[in-house]
Amino acid sequence: MPAFPWLATNTLDGDRTATKMRALRSVGVPYDDTQIAGAKEAVAGKTEMDAMVAYLQQLGTALKASR
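Residue numbers restart at each chain and count upward from 1, following the sequence in its written direction. Given that the model is predicted, a residue must reach a pLDDT of at least 70 before its local features are reported, and side-chain atom pairs must reach 80 or more before they are shown or counted; all residues, however, enter totals for whole chains, interfaces and linings. Excluded from the side-chain calculations are hydrogens and water; all other atoms, namely the structure's heavy atoms, are used.

### Looking at the environment of Ala51
Selection rule: Here a strand is any run of E in DSSP of at least two residues, a helix any run of H or I of at least four, and the numbering for each starts at the N terminus.
Along the chain, Ala51 turns up in helix α5 (residues 48-58). C-alpha of Ala51 to C-alpha of Gly14: the two residues are 37 residues apart in sequence and 11 Å apart in space.

Following this line, the structure appears as structure tokens:
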């Protein structure tokens, strides 16, 4: 499997994070207004690797409550 070295060095700026969260909320992901409002600050300075790990850790848990 390739190493994907850019995941550890590319940092997130959060410019589009709130927009993405609003789109996900429209399809059932339970983000509230507070989470969306603080999205840019929550990801500032984090790497793409941090984001990937967070995504993998929450897989399957976000929609459990609605089933």
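This is not the end of the story, as more comes after the structure.
### What to know about a nonpolar patch on the surface
Counted only if it meets this: For patches, a residue must show more than 30% relative accessible area and have no salt bridge; joins then use 9 Å for like charges and 5 Å for nonpolar side chains, namely Val, Leu, Ile, Met, Phe, Trp and Tyr. Here the Shrake-Rupley method, with its probe set to 1.4 Å, supplies the accessible areas, and only the displayed protein chains count as covering residues. Salt-bridge detection follows one rule: a side-chain nitrogen of Lys or Arg within 4 Å of a carboxyl oxygen of Asp or Glu.
Together, Met52, Tyr55, Leu56 and Leu59 give the surface a local cluster of nonpolar side chains, amounting to about 390 Å² of exposed area. Locating Leu56 in the fold gives a position in helix α5.

### A word on the packing of aromatic side chains
The condition is simple: Aromatic rings from Phe, Tyr and Trp, taking only the six-membered ring of Trp, are treated as a pair when their centres fall within 6.5 Å; an angle between ring planes under 30 degrees marks them as stacked, one over 60 as edge-to-face, and anything in between as tilted. Burial classes follow relative accessibility: with a 1.4 Å probe on protein chains only, a residue under 20% of its type's maximum area counts as buried, one over 50% as exposed, and anything between as partly exposed.
All chains considered together, the criterion is met by one aromatic pair. Relative to Trp6, the ring of Phe4 lies with its centre 5.4 Å away and its plane at 90°, an arrangement referred to as edge-to-face. Taking the relative accessible area as the measure of exposure, Phe4 reaches 30% and is therefore partly exposed. Given the relative accessible area of 43%, Trp6 is considered partly exposed.

### What to know about unusual backbone geometry
Unlike most non-glycine residues, Phe4 shows phi in positive territory, near 50°. Following the sequence through the fold, Phe4 ends up in the segment before α1 (6-9).

### As for the pattern of salt bridges
What the rule picks out here adds up to two salt bridges. Here Lys40 and Asp15 are joined by a salt bridge, their closest N and O atoms 2.9 Å apart. Here Lys40, found in helix α4 (residues 39-43), pairs with Asp15, found in the loop between α1 and α2 (17-26); they are 25 residues apart in sequence, far enough to count as distant. Relative accessible area serves as the criterion here: at 40%, Lys40 is assigned to the partly exposed category.

Purely geometric stuff here, so don't read any function into it on its own.
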